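Read off the chains here:
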Amino acid sequence: MRTAPLTRSSTGQRRRIWSYWRFYLALSPFYVLFAVFGLYPMLSTIVLAFQRWDGLSARRFTGLDNFAFLVKDPTFWQSLENTVVLFLMSTVPTLVLALLLAVMLQSAVRFTNVYRIAYFIPNVTSLVAMAIFFSSIFSTNFGLVNAALRSLGIPQQDWLGQPWGIKIAISTMIVWQWVGYNTLIYLAGLQAIPKDQYEAAKVDGAGAVRTFFSITLPQLRPVVLFTVVMSTIGGLQTFTEPQVMVGNSGGTGQSGMTVVLFFYRAAFLDNDYGYAAAIALSIFALVLLFTAINWRIFRGRSEDR
């Protein structure tokens with residue numbers, strides 16, 4: 001006697017589900033494309049990380065050999081160090097400059113739309129073209145940076161021929177590319193802050209600095225968290241900038257060798273796809289770790305307040 005109502009109920013639920021088949025059919029292209037171009041490559045990469053394969057011969061299961069070699073590989077650790085250093089040298093200045101520009105743009109009266117377009121242009125410009133352009137800027141003999149140094153009586157530098165010069169050139173390009181994008185995001189967050197809070201602070205006699213740290217920055221905390229997380233994900237996957245500016249070798253002393261560039265070299269130059277899959281998983285773990293740290297820091301401060 002108890003099973004009959006349950007059977008009728010489950011049958012009714014199945015009928016209600018099938019009544020929405022048109023909506024499921026409309027959504028199916030996304031899931032099909034995700035399964036083919038997203039889920040399958042991810043699962044294939046995980047399986048390939050435990051195998052040895054050069055792209056032509058038969059795959060051979062090797063267990064944890066790829067990961068064991070990865071831990072002992074000095075090039076991997078150097079690429080990891082370079083990635084973290086470039087991430088810090090580019091992400092921190094990018095977000096600080098973006099926030100300052102957004103505050104200045106918020107208070108601008110004239111040509112606001114012109115500024116917005118100008119800030120966003122670097123983000124839609126071809127990344128390869130920008131890398132070539134910045135390679136010319138930091139050129140030893142004909143670069144604009146060395147021309148400015150010579151005009152000031154400072155000896156010119158071989159920017160793309162020394163370790164820290166390579167890092168400065170790459171991080172400068174990343175800052176130039178992404179500062180405008182983050183500026184517009186911060187500007188959207190600033191425009192969502194109620195104006196009466198600033199008016200109340202002005203009545204209370206709060207200055208610009210006090211208003212910024214007491215009203216603007218706390219109200220922008222979710223926006224800052226978003227930009228930090230997205231910048232972390234993008235910064236730890238730096239590839240095109242060093243690959244175009246200093247080549248697949250990473251430049252002098254491999255100082256421009258990032259983890260993604262190391263993965264590219266292992267897969268498409270050395271044809272060691274199993275080892276490249278292990279590097280790809282390490283990149284995923286690195287991005288996940290830094291994203292979790294940033295999320296915990298900003299969310300923890302928000303909860304404390």
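Residues numbered from 1 in each chain as written. Predicted model: local features only at pLDDT ≥ 70, side-chain atom pairs only at ≥ 80, totals over all residues. Heavy atoms only, no water.

## Quick look at the overall build of the protein chain
Phase 1 of the analysis: What the protein chain contains, in helices and strands, is 14 helices and two strands.
Phase 2 of the analysis: Over its C-alpha atoms the protein chain spans a radius of gyration of 26 Å, topping by over 25% the 19 Å that the globule rule assigns to 305 residues.
Phase 3 of the analysis: Taken along its principal axes, the extent of the C-alpha atoms in the protein chain is 95 × 65 × 35 Å.
Phase 4 of the analysis: Of all intrachain contacts in the protein chain linking residues separated by at least 6 positions in sequence, the fraction that spans at least 24 positions is 65%.
Phase 5 of the analysis: For the protein chain, the accessible area works out to roughly 18600 Å², and carbon and sulfur atoms hold 68% of it.
Phase 6 of the analysis: The distance from the centre of the 23 positive side-chain charges to the centre of the 13 negative ones in the protein chain is 14 Å. (Helix = DSSP H or I, 4+ residues; strand = E, 2+ residues; numbered from the N terminus. Rg over C-alpha atoms; globule rule 2.2 N^0.38 Å. Contact = heavy atoms within 4.5 Å. Areas by Shrake-Rupley, 256 points an atom, 1.4 Å probe, with all protein chains shown as cover. Lys, Arg positive; Asp, Glu negative; His and termini not counted. Charge placed at Lys NZ, Arg CZ, Asp CG, Glu CD.)

## Some remarks on the UniProt feature "transmembrane region" (unreviewed entry) in the protein chain
Phase 1 of the analysis: Feature annotation in UniProt assigns "transmembrane region" (unreviewed entry) to the following positions: residues 21-43, 84-105, 117-144, 164-188, 220-239 and 273-295.
Phase 2 of the analysis: From the first C-alpha to the last, residues 117-144 spans 25 Å; its make-up is 71% helix and 0% strand. (UniProt positions renumbered as here; feature names shortened; annotations may be inferred.)

## Considering helix H6 (residues 127-137)
Phase 1 of the analysis: Listed in full, the buried residues belonging to H6 are Met-130, Ala-131, Phe-134, Ser-135 and Ile-137. All buried residues of H6 lie within an arc of 155° about the axis, which places them on one face of the element.
Phase 2 of the analysis: Here the buried face of H6 lies against helix H5 (112-124), helix H7 (144-151), helix H8 (163-191) and helix H12 (240-246). (Buried < 20%, exposed > 50% of the residue type's maximum accessible area, 1.4 Å probe, protein only. Arc of directions from axis to C-beta.)

## A word on the packing of aromatic side chains
Phase 1 of the analysis: Under the definition given, this model contains 16 aromatic pairs.
Phase 2 of the analysis: Ring geometry for Phe-239 against Tyr-264: centres 5.2 Å apart, planes inclined by 55°, an arrangement best described as tilted. Of this pair, Phe-239 sits in the loop between helix H11 (221-235) and H12 while Tyr-264 sits in helix H13 (residues 259-269), and the two are 25 residues apart along the sequence.
Phase 3 of the analysis: Here the basic side chain of Arg-59 rests over the ring of Trp-53, its NZ or CZ set 4.4 Å away from the ring centre.
Phase 4 of the analysis: Over the ring of Trp-164 we find Lys-167; its NZ or CZ atom is 5.6 Å from the centre of that ring. (Phe/Tyr/Trp six-rings, centres within 6.5 Å; stacked < 30°, edge-to-face > 60°. Lys NZ or Arg CZ within 6 Å of the ring centre and 35° of its normal.)

## Focus: the side chain of Thr-227
Phase 1 of the analysis: By the secondary structure assignment, Thr-227 is in helix H11.
Phase 2 of the analysis: Thr-227 sits in the buried class, given a relative accessible area of 1%.
Phase 3 of the analysis: Of the polar contacts made by the side chain of Thr-227, one reaches the side chain of Tyr-186; its length is 2.7 Å.
Phase 4 of the analysis: Apart from the residues lying within four places of it in its own chain, the contact partners of Thr-227 are Leu-95, Asn-182, Ile-185 and Tyr-186. (Polar contact = N/O pair within 3.5 Å; in protein donor to acceptor, adjacent residues only side chain to side chain.)

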